[in-house]
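What the coordinates show
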Amino acid sequence: MSEKYKYLFGPVPSRRLGRSLGIDVTPFKRCSFDCVFCQLGCTTHLATERDEFVPFDEVCAELERWLAEEGAADVITFAGSGEPTLYSRLGELIDFIKARTDIPVIVLSNGTLLHRPDVRGETARADIVKVSLSAWDDESFKTINRPAPGLTFKELVAGERAFRTEFSGELWIEVFLMDDINADPKQVARIAALASEIHPDKIHLNTAVRPPAESSVHPVASEKLEALCGLFTPRAEVIASFATDAQSGGELNTENLIELIRRHPATAAQLAEMFGVKPGALLPLLNDARLQTEVRGEETYYICR
Ligand code: SF4
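Heads up: these notes are all about the structure in this document. (Residues numbered from 1 in each chain as written. Predicted model: local features only at pLDDT ≥ 70, side-chain atom pairs only at ≥ 80, totals over all residues. Heavy atoms only, no water.)

Here 8 strands make up an open sheet; going across it, the order is β1-β2-β5-β6-β7-β8-β9-β10 and the pairing mixed. Of all the strands in the sheet, the pair left with one neighbour each is β1 (8-14) and β10 (237-238). Of the strand pairs in this sheet, strand β8 (residues 170-177) and strand β9 (residues 202-207) are connected by 6 bridges, and their pairing is parallel. Bridging across to β9, F176 finds its partner in N206. (Pairing = 2+ DSSP bridges. Helix = DSSP H or I, 4+ residues; strand = E, 2+ residues; numbered from the N terminus.)

Structure, rendered in structure tokens:
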């Protein structure tokens, strides 16, 4: 897929969404946050300015081609190398998709631009929107999300609240929890109180099971995460995949492997399962100079930054 398309990836199977076709319209790695837990590594372009980073017509042409030649997915998800609401033609792109297919559209956003009415209007054209909320005040916001200059926690929460009042689709919140940073029950209770005021349809708890931007970030144990779910209304669900992900890597070749690892750091065993091969078959490809390894717990992850 990566050889055929520049802006589309997958579809990748996911336990919750089924087969998800990804669209990546922000260059690596442009984001309004530089989260300590980001699995893509540190943000190289920390900014809030929107732009047409990739040509709208080219993305539309790829989508047309994919719909004509393949066209089978359960969802189409805006995700990838940064914050998708920074793409200045996001609303037009969602309209383009919705005029051509009934496949539901999902936007995975950090929520930072939702204080802007124009961004809320564009994002609200999706069927499902997932936003982030992993802090409880300005200080924790700065420590965890390391936002672009000018962004405040108050504005983030106000934007997410305003979006809820205008958006008739499903709103999900993802809370990323890390040991010794924001996973103390008192801290989580403060996040939960803010989350409930936003009135999401679902709340997901995630943690650093894959190598994060900062090596000082540590995951919360699965049992502890489960115990924290009850602090949220509605009750949260744990989405961190502590076991092997059931993703599909497509045809095994170096470029597909690098592309998958760039978006999704993984162990050799996980990669072998994704590509449906024995781990030994991957070893020559894993020697590629673009790859590094990082040990998390007892596992060695391959990363590409
Ligand atoms: S986790 Fe998401 S919001 Fe945070 S820096 Fe990475 S891409 Fe940006």
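Moving on, there is more to tell.
Note that β1 and strand β2 (residues 18-23) share 5 bridges and pair antiparallel. Pairing of L8 across the sheet is with I23, part of β2. Relative to strand β5 (residues 75-78), β2 is paired through 4 bridges, and the arrangement is parallel. Looking at the pairing, L21 lines up with I76 of β5.

On to the site of the ligand. Around the ligand sit K29, C31, F33, D34, C35, F37, C38, T43 and N110, and that is every residue in its neighbourhood. Taken together, the residues that form the shell around the ligand break down as 5 nonpolar, 2 polar and 2 charged. (Near = heavy atom within 4 Å. Nonpolar A, V, L, I, M, F, W, Y, C, P; charged D, E, K, R; others polar.)

The next point concerns the pairing of strand β6 (residues 105-108). In the sheet, β5 pairs with β6 via 3 bridges, with the strands oriented parallel. The partner of I76 across the bridge, within β6, is V105. Crossover β5 to β6 through helix α2 (residues 90-98) is right-handed. Where β6 and strand β7 (residues 128-132) come together, 3 bridges link them in parallel fashion. Across the sheet, I106 pairs through a bridge with I128, a residue of β7. The parallel pair β6 and β7 is bridged by helix α3 (residues 117-123), and the resulting crossover is right-handed. (Right-handed = clockwise from strand over helix to strand, strands pointing away.)

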